[in-house]
Amino acid sequence: MRNQVLASRDAEVIVVGGGPAGSTLAAALAEAGREVLLLDKARFPRHKPCSDYVNPAGAELLAEMGVLDEALRLGARRMEGMIVHAPNGAAFTAHYARAEPGRAALGLSRYQLDRLLLERARAVGVTVCEGAHVRGVLENSGRVTGILATIDGSRDALRASLVVGADGRHSAVARTLRVASPLRWPRKTGLAAHFRGVAEGNGFGEMFVGSRVYAGLALLEDGLTNVTVVANTSDVARRPGSIEQFFAAATQELPAMARLLDGAERVGTIRGVGSMACRARQTAGNGWLLVGDAAAFLDPFPGEGIEQALRSAMLAAPVIDAALDGDDCSAAALAPYRLARRRAFTAKRQVSWIVQGFVNNPPLMNHVTARLARRDELGLTLAGILGGFQPATRALDPRFLARLLRP
Ligand SMILES: Cc1cc2nc3c(=O)[nH]c(=O)nc-3n(C[C@H](O)[C@H](O)[C@H](O)COP(=O)(O)OP(=O)(O)OC[C@H]3O[C@@H](n4cnc5c(N)ncnc54)[C@H](O)[C@@H]3O)c2cc1C
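Residues numbered from 1 in each chain as written. Predicted model: local features only at pLDDT ≥ 70, side-chain atom pairs only at ≥ 80, totals over all residues. Heavy atoms only, no water.

*Asks:* Honestly, the sheet that holds strand β3 (residues 53-54) in this entry has me stumped. Any pointers?
*Replies:* Strands pair in a sheet through their backbones, by hydrogen bonds, and they do so in one of two ways: parallel or antiparallel. Spatial ordering of the open sheet is given by β3-β7-β4, a layout of three strands whose pairing is antiparallel. A strand with exactly one partner marks an edge of an open sheet, and here the two such strands are β3 and β4 (77-79). Note that β4 and strand β7 (residues 105-107) share three bridges and pair antiparallel. Following the sheet pairing, Arg78 is matched in β7 by Leu106. (Pairing = 2+ DSSP bridges. Helix = DSSP H or I, 4+ residues; strand = E, 2+ residues; numbered from the N terminus.)

Below you can see the structure in the form of structure tokens.
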């Protein structure tokens, strides 16, 4: 029966994008017995502009997926905490392992991580087509029936019962469905590079907040360190010199970071993403669904993008499987995904907006950092929330916020 149905289409599900969201969802559906075609315009392994930091909850998801040991074998670094430096030099440590024993973030380049996840999808039966640039979706009578792609220079129309947009921040799927809704604020550009020879403290990640930029360090495989600078998109656009000069000047603006980078050598190019925040007005409809950044992304500071990409894939898989079972991939049949997203992400998103408020207001950032350094219980709660292993609602409790902001 399934083969007969498949004769009129190319796959049950087409997943556009083989990043963490796409390859995780494709693998989950293939494991449930679905015929999945995954298309990515890149050829793997490929670099991706990112700080290469997987938060503790994301690391836990990798363990559940059975890839943590392989990630560690590839040299992924465990980071038991994150040191956050405020513009005035105050610092506090979000100590995950003290907040909950055994918790740690993971540092692994996206070159390795994304290849690992895509190989896992292939191993469980996903058909992977690399070098396939999806241009848009095919629609018929108000429902999505497939995609249009350029594969090996020729245009192809491919059909499926469901199309998943897992194609990141500039999602072609979301764009052609007219649900992409760019945010007016914050408009930040991220610039990421790998370095060798960065001075290493106690094996923690570090974030440095300045008055106009912030930057992060994450420890990676093979003695590499990821250095990411985030600045106003307008400042990057109006820079007088090259991107390399802008990047170097930004790290020099952050004295504590400049000290760690002294004598270090950049390996490879600086990879950038302009105006990072994005959001889709709707995350599922008739014959389509969005996961990962294609659905929403705010800012790298909370370090939750990869975790949310994996989690959104895990929320979507059972809903899609049930919809295919019922031969009904309508918006109504996919609605449980939208509800599951709301339950999983709303509180964390509100916390991320609060964090944006701190990071973009130096006096407030100085104050909050000093409070967190002085009040151990506040720091441990925030470590658990930012690490994704304690409920974000705890940070929204007015008593927590009052204790954080008290003079
Ligand atoms: C500068 C920066 C630093 C960041 N640092 C961190 C961090 O340290 N930790 C963290 O958790 N998150 C971080 N993030 C966020 C994180 O990178 C994303 O949340 C995560 O990659 C989302 O995964 P995804 O699978 O949804 O999308 P992506 O990882 O973007 O994957 C999308 C895939 O789709 C493919 N694709 C795109 N368009 C098409 C098309 N038209 N046709 C076919 N294929 C297509 C791409 O080639 C890509 O492989 C950072 C983001 C930025 C910009």
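*Asks:* So what exactly am I meant to see when it comes to the sheet that holds strand β13 (residues 205-209) here?
*Replies:* With mixed pairing, the seven strands of this open sheet are ordered in space as β6-β5-β13-β14-β15-β12-β16. The sheet is open, and its two edges are formed by β6 (91-95) and β16 (265-273), each paired on a single side. Each strand axis lies, on average, 15° off the axis of its neighbour in the sheet, ignoring direction. When strand β5 (residues 81-85) meets β6, the two strands line up antiparallel, connected through five bridges. When the bridges of β6 are listed, Met82 appears paired with Ala94. (Axes fitted to C-alpha atoms, helices over the stretch in contact; angles between N-to-C directions.)

*Asks:* I'm lost on the layout of surface pockets in this one. Help?
*Replies:* The probe, sized like a water molecule, is rolled over the atoms to show the empty space still left. Its volume calculated, the second largest pocket comes out at about 510 Å³. What lines the second largest pocket is a set of 25 residues, and nearest its centre among them are Arg279, Ala295, Ala296, Arg341 and Arg349. Those elements that place two or more of their residues in the lining of the second largest pocket are β17 (278-279), β20 (296-297), α11 (305-325) and α12 (331-359). The element best represented in the lining of the second largest pocket is α12, accounting for seven residues. Residues belonging to the lining of the second largest pocket are distributed by class as follows: nine nonpolar, seven polar and nine charged. (1 Å grid on protein atoms, 1.4 Å probe; cavity = no way out; pocket = protein on both sides within 12 Å on 5 of 7 lines; lining within 4 Å. Points joined across faces, edges and corners; volume = space filled by probe spheres on them. Nonpolar A, V, L, I, M, F, W, Y, C, P; charged D, E, K, R; others polar.)

*Asks:* What is the right way to look at the packing of helix α2 (residues 20-31) against helix α6 (residues 110-123) in this model?
*Replies:* A packed helix pair is summarised by two numbers, namely the angle formed by the two axes and the spacing between the axes. Close contact between α2 and α6 brings their axes to 8 Å; oriented N to C, the two are set at 20°. With respect to α6, the element α2 is oriented roughly parallel. Here α2 and α6 pass one another in a crossing that is left-handed. Between α2 and α6, the contacting residues are Pro20, Ser23, Thr24, Ala27 and Glu31 on the first element and Arg110, Asp114, Leu117, Leu118, Arg120 and Ala121 on the second. (Parallel < 35°, antiparallel > 145°, perpendicular 65-115°, else oblique. Left-handed = near helix turned anticlockwise from the far one by under 90°. Contact = heavy atoms within 4.5 Å.)

*Asks:* Before we go on, may I ask you to explain the pairing of strand β2 (residues 36-40) in this structure?
*Replies:* It is a general feature of regular strands that their side chains alternate between the two faces of the sheet. For β2, the tally of buried residues reaches five of five residues, placing the bulk of the element in the interior. Burial along β2 is two-sided: Val36, Leu38 and Asp40 facing one way and Leu37 and Leu39 facing the other are all buried. This β-α-β element, strand β1 (residues 11-16) to α2 to β2, shows right-handed connectivity. Where β2 lies against strand β8 (residues 127-130), four bridges are found, and the strand directions are parallel. (Buried < 20%, exposed > 50% of the residue type's maximum accessible area, 1.4 Å probe, protein only. Right-handed = clockwise from strand over helix to strand, strands pointing away.)

*Asks:* Would you explain empty space enclosed by the protein in this entry?
*Replies:* Counting across every chain of the model gives four cavities of 30 Å³ or more. In this model, the largest cavity occupies a volume close to 190 Å³. If you trace the largest cavity, you find 17 residues lining it, with Val355, Phe358, Leu372, Leu382 and Leu386 closest to the centre. Breaking the lining of the largest cavity down by element, the ones donating at least two residues are α12, α13 (362-374), α14 (376-386) and α16 (398-405). Residue composition of the lining of the largest cavity, by class: 16 nonpolar, one polar and no charged.

*Asks:* Got a minute to help me understand the state of the cysteines in this structure?
*Replies:* Per the counting criterion, the structure on display carries zero disulfides. No disulfide involves Cys278; its nearest neighbouring cysteine sulfur is the one of Cys50, lying 14 Å away. (Disulfide = S-S within 2.5 Å.)

*Asks:* When you look at the nonpolar core in this model, what are you seeing that I'm missing?
*Replies:* As a rule of thumb, nonpolar side chains are buried together in soluble globular proteins. Among the nonpolar cores identified, the biggest contains 39 residues, and Tyr96, Phe301 and Met365 are the most heavily contacted of them. Look past the residues within four positions of Met365 in its chain and what remains in contact with it is Val84, Ala86, Pro87, Val209, Phe301, Phe358 and Val359. Ranked by size, the runner-up nonpolar core spans 33 residues in total, among them Ala26, Leu38, Leu162 and Ala323. (Core = buried A, V, L, I, M, F, W, Y, C linked by side-chain atoms within 4.5 Å.)

*Asks:* Help me understand the environment of Pro302, please; the structure alone is not making it clear to me.
*Replies:* Residue placement: Pro302 occurs in the loop between β20 and α11. You can call Pro302 buried: its relative accessible area is 7%. The residues touching Pro302, leaving out its near neighbours within four places in the chain, are Ser352 and Leu386.

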